[in-house]
Amino acid sequence: MADLDALVDQLSKLTLLEASELVKKLEEKWGVSAAAPVAVAAAPAGAQQGAAQAPVEEKTTFAVHLKEIGPNKIAVIKEVRAAISGLGLAEAKALVEGAPKLLKDGVSKEEAEEIKKKIEAAGAKVEIK
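In this text the structure is predicted, and so the values were computed from the model without any measurement. (Residues numbered from 1 in each chain as written. Predicted model: local features only at pLDDT ≥ 70, side-chain atom pairs only at ≥ 80, totals over all residues. Heavy atoms only, no water.)

1. Quick look at helix α5 (residues 89-97)
Thinking step 1. Taken residue by residue, α5 has Ala92, Leu95 and Val96 as its buried positions. Buried residues in α5, looked at end-on, bunch into an arc of 95°, giving them a common side.
Thinking step 2. Packed against the buried residues of α5 are β1 (62-68), α4 (73-83) and β2 (101-107). (Buried < 20%, exposed > 50% of the residue type's maximum accessible area, 1.4 Å probe, protein only. Helix = DSSP H or I, 4+ residues; strand = E, 2+ residues; numbered from the N terminus. Arc of directions from axis to C-beta. Contact = heavy atoms within 4.5 Å.)

Spelled out as structure tokens, the structure:
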């Protein structure tokens, strides 16, 4: 180990020109090239192009997020409570007042659109992700 530490110390004292010459000599001696990692790094770019051409899966489940309450908080609370089954008045109020919040996750596109339409009609801003 002491020999390796001494070698590291010696290499640390090399100038850039000396380090460059060392790399060239090692490449010649061992028959390798320090440029090889660059070619390997370029390969993922080609792989990304192939991935971009792959068919994109259509999203089947969506999440409904309450962004802003709006001016009519009581109507929004009522619609949120109706949209999320099993939600009591206190829970619905806390959810609405904590906006921005996730209202419902894992719903179909049609159900998400329906919830958005009803809550936005009450005056809130809703986003589907």
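2. Comments concerning the nonpolar core
Thinking step 1. Core analysis: the largest hydrophobic core is formed by 20 residues, its most contacted members being Val64, Leu66, Val76, Val80, Val96, Leu103 and Ile119.
Thinking step 2. If you list the elements that add at least two residues to this core, you get β1, α4, α5, β2 and α6 (109-121).
Thinking step 3. Those residues in contact with Val96 that sit more than four places away from it in its chain are Leu66, Ile69, Lys73, Val76, Ile77 and Val80. (Core = buried A, V, L, I, M, F, W, Y, C linked by side-chain atoms within 4.5 Å.)

3. Thoughts on helix α2 (residues 16-30)
Thinking step 1. Helix length check: α2, at 15 residues, gives a terminal C-alpha distance of 21 Å against a target of 21 Å (1.5 Å per residue), a fit within 8%.
Thinking step 2. Remark: Gly31 follows α2 within two positions and exhibits a positive phi of approximately 70°. (Expected span 1.5 Å × (residues − 1).)

4. Topic: the sheet that holds β2
Thinking step 1. Strand order in the open sheet made by the three strands is β2-β1-β3, with antiparallel pairing throughout. Of all the strands in the sheet, the pair left with one neighbour each is β2 and β3 (125-128). Here the average twist between neighbouring strands, direction ignored, is 20°.
Thinking step 2. Across five bridges, β1 lies against β2 in antiparallel orientation. (Pairing = 2+ DSSP bridges. Axes fitted to C-alpha atoms, helices over the stretch in contact; angles between N-to-C directions.)

5. Some remarks on the packing of α4 against α5
Describing two packed helices takes the angle between their axes plus the distance from one axis to the other.
Thinking step 1. At a minimum axis distance of 9 Å, the contact between α4 and α5 shows a crossing angle of 120°. As for the relative orientation of α4 and α5, their crossing is right-handed in sense. Contacts between α4 and α5 pair Lys73, Val76, Ile77, Val80 and Arg81 from the former with Leu89, Ala92, Lys93, Leu95, Val96 and Glu97 from the latter.
Thinking step 2. Residues that form the contact of α4 with α5 fall into these classes: seven nonpolar, no polar and four charged. (Left-handed = near helix turned anticlockwise from the far one by under 90°. Nonpolar A, V, L, I, M, F, W, Y, C, P; charged D, E, K, R; others polar.)

6. Observations concerning the pattern of salt bridges
Thinking step 1. Scanning the entire structure with this criterion turns up seven salt bridges.
Thinking step 2. Taking the shortest distance from any N to any O, the salt bridge between Glu97 and Lys93 comes out at 3.1 Å. Taken together, the residues span about one helical turn, with Glu97 and Lys93 both in helix α5 at a distance of four residues.
Thinking step 3. Note on Lys93: relative accessible area 38%, which makes it partly exposed.
Thinking step 4. Here the salt bridges do not stand alone but share partners, grouping Lys67, Glu127 and Lys129 into one network. (Salt bridge = Lys/Arg side-chain N within 4 Å of Asp/Glu carboxyl O.)

Limitation: the analysis is restricted to geometry and does not speak to function.
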